[in-house]
Each structure stands twice: as C-alpha cells, then as structure tokens.
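Chain by chain, the residues:
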Amino acid sequence: MKVALIQQKAYNTKEKTIAKTVSYIKKASKNGAELVVLQELHQSYYFCQNENSDNFDLASSWEEDKIFWSNIAKKYKVVLVTSLFEKRAAGLYHNTAVVFEKDGTIAGQYRKMHIPDDPGFYEKFYFTQGDMGFEPIDTSVGRLGVLICWDQWYPEAARIMTLKGADMLIYPTAIGWFDEDSKKEKQRQKEAWFRIQQSHTIANNIPVISVNRVGFEKDDSKVLKGIRFWGGSFVVDAGGETLVVGSEDEEEILYAMLDKTKTENLRRWWPFLRDRRVEYYQDINKLYID
C-alpha cells in the first residue's frame, strides 16, 4: 500500500493553508497514494503558543470542516487522516483526528488523550482530554491506530492500539525547537522524538507514520520568541527500518510503500505478544508505585 505524508507550513490565512494542503492531496492521489496523512491542527498556525480565549473561535467551523474534508477525500478517492479543532459544546473542546473513507464517509474519530502543558505548548488551556479511549479505526486500507503528537511518548497507547488489532500507528504532530536552544539540545530532542516512535514499531511489529509541520511560527503575545517546527516526518516499517524521512525546513510530500505481510512474518520469529506476562502487569494501572 502506498501512503503519503503531507509536511507543510502554515500560511497567514486558513484559506491559503487549506488550498496548499488540497493541492498536495491532489498530487498524492495522482501519484497512487491510497492513504494520506496530514499534520496536527493542519488548518491553521499552531495557536497553542499562548493562552488566548479568542482562539476558541478557530473551532467554530468544526461541522463545516468535516464536510469540507469529507468532500476532498471523496474527490481524490483516498483514505484521509485529518486533525481538527473540535467544538463539542460551549466550553468543551478537543484536539480531534477525523478519518475519512475513500467515499467521503467518516470512518472514525480519535480525541487526543495526553494533553501537554509546557512553555509554548499550552494545550491544556484549549483541549479537554479525550474520552474515546484507544480504539483503532477500520478503513479500506487497514485498521488505523490513530494517536496525536504528545501521545507519541506513551508506550501504553501504542500497545493498547496494537492489542486491539491496529495494522499501523499514525501520529499527526506539531513539534519543534526554540531558536535559542543549543545545537546539541536541538539534536537531542529530535533524536529522542524519533527513537521513541521507532521503538513502538519494534515492540509491536507494526509500522509508524508520523507527520510533523515545518516553518517558523510566532504567536502574538510577545512573550515567547516562537517555535521552529522541525519537520522530519517519517515512516518506519514493522521491523523498525526507516523507509522515508522528511527535511527539517521544506514542505514536501513523502511517500512510502507498506508491506502488510511483514507484521505476520516478524511476529512468527519475535512473538512479543505471545510472551507477555499479563497476570503480573497490574501495577501499570497506578500513577506511581510509592
């Protein structure tokens, strides 16, 4: 199966950003991609750099956005993984991935479960923790274990998706550096980000698709100096082999071919799921073992 990862910048209006995204989807479809994955909150700039209640207005088009991307998936006949700002009710918002089937129907949704709250990434101000659990989404190209960004760092999420039969893990992402960080620190952060996700493929024998944005984005608070999103979108196959990696500063479509038989073959030789000692794992349900 051919997958396409769309790594792009945010433009100064939603309309310009979406137009660019659609042009990439069109190209990916023409080049034979069956599955197209977009980056986290791909319709706008990364607004979580500050706490501004006006930014909740970005979710006001939630219902219209779903209709729009449904039509795009149908027009280009692709399974499309989007990442949208959901307004569930007044004062209740989620960071939500919506997956569309090739005919435009909604195959499923996932609400981001792990919500960060760090300098420049004030997501707890905007997003309520997800309440849909870790449920793979069935599509015509396979069972997709869709997670979002901060979820990348939690092996529990990857494992549960695997135990529920996910064929692959998909992470729409928005992560970057602060320019004032040292070169060594930047490299350390990016390598850790890649390695934790690569480890999910090896521990679970399923591929990982991770799509990150690029470009420098500055909020309007004048408190922070902005985030330089490091791109680096990638696909790692079920055995941990890197199939493709994006640049750190360029928009691009990344393509990879996924071998659906590799998981079965690997698990015959590395039966990690067979040898789990589930009767001794109860402590994992505790926040911390004092």
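Fair warning: this is a prediction, and the values are worked out from it, not measured in the lab.

## A few points about the sheet that holds strand 13 (residues 214-217)
Step number 1: An order of 11-14-13 is seen for the three strands of this open sheet, with the pairing classed as antiparallel. Where the open sheet ends on each side, the last strands, each with one partner, are strand 11 (176-177) and strand 13.
Step number 2: The pairing of strand 11 with strand 14 (residues 227-230) spans two bridges and is antiparallel. Residue pairing across strands places Gly176 opposite Phe229, the latter belonging to strand 14.

## Re unusual backbone geometry
In most cases, non-glycine residues show a negative phi, while peptide bonds are predominantly trans.
Step number 1: For Lys77, which is not a glycine, the phi torsion comes out positive at approximately 55°.
Step number 2: Relative to the helices and strands, Lys77 is located in the loop between helix 2 (62-76) and strand 3 (79-89).
Step number 3: A residue is classified by how much of its surface remains accessible, and Lys77, at 57% relative accessible area, is exposed.
Step number 4: A positive phi angle, close to 55°, is found at Asn205, a residue other than glycine.
Step number 5: Its place among the elements puts Asn205 in the loop between helix 4 (183-204) and strand 12 (208-212).
Step number 6: Overall, Asn205 belongs to the buried group, its relative accessible area being 1%.

## Observations regarding the environment of His114
Step number 1: Following the sequence through the fold, His114 ends up in the loop between strand 5 (106-111) and strand 6 (117-118).
Step number 2: For the pair formed by His114 and Phe125, sequence separation is 11 residues and the distance between their alpha carbons is 13 Å.
Step number 3: Once you skip the residues sitting within four places of it in the chain, His114 turns out to touch Phe134, Trp150, Asp151, Tyr154 and Ala157.
Step number 4: Side chain to side chain, His114 and Asp151 meet in a polar contact 2.6 Å long.

## Some remarks on helix 4
Step number 1: Between its first and last C-alpha, helix 4 extends 32 Å over 22 residues, near the 32 Å set by a 1.5 Å rise per residue.
Step number 2: Along helix 4, the positions that sit buried rather than exposed are Lys186, Lys190, Trp193, Gln197, His200, Thr201 and Asn204. Buried residues in helix 4, looked at end-on, bunch into an arc of 120°, giving them a common side. Along helix 4, exposed side chains directed more than 90 degrees from the buried face belong to Lys183, Lys184 and Arg195.

Cut-offs applied
Residues numbered from 1 in each chain as written. Predicted model: local features only at pLDDT ≥ 70, side-chain atom pairs only at ≥ 80, totals over all residues. Heavy atoms only, no water. Pairing = 2+ DSSP bridges. Helix = DSSP H or I, 4+ residues; strand = E, 2+ residues; numbered from the N terminus. Buried < 20%, exposed > 50% of the residue type's maximum accessible area, 1.4 Å probe, protein only. Contact = heavy atoms within 4.5 Å. Polar contact = N/O pair within 3.5 Å; in protein donor to acceptor, adjacent residues only side chain to side chain. Expected span 1.5 Å × (residues − 1). Arc of directions from axis to C-beta.

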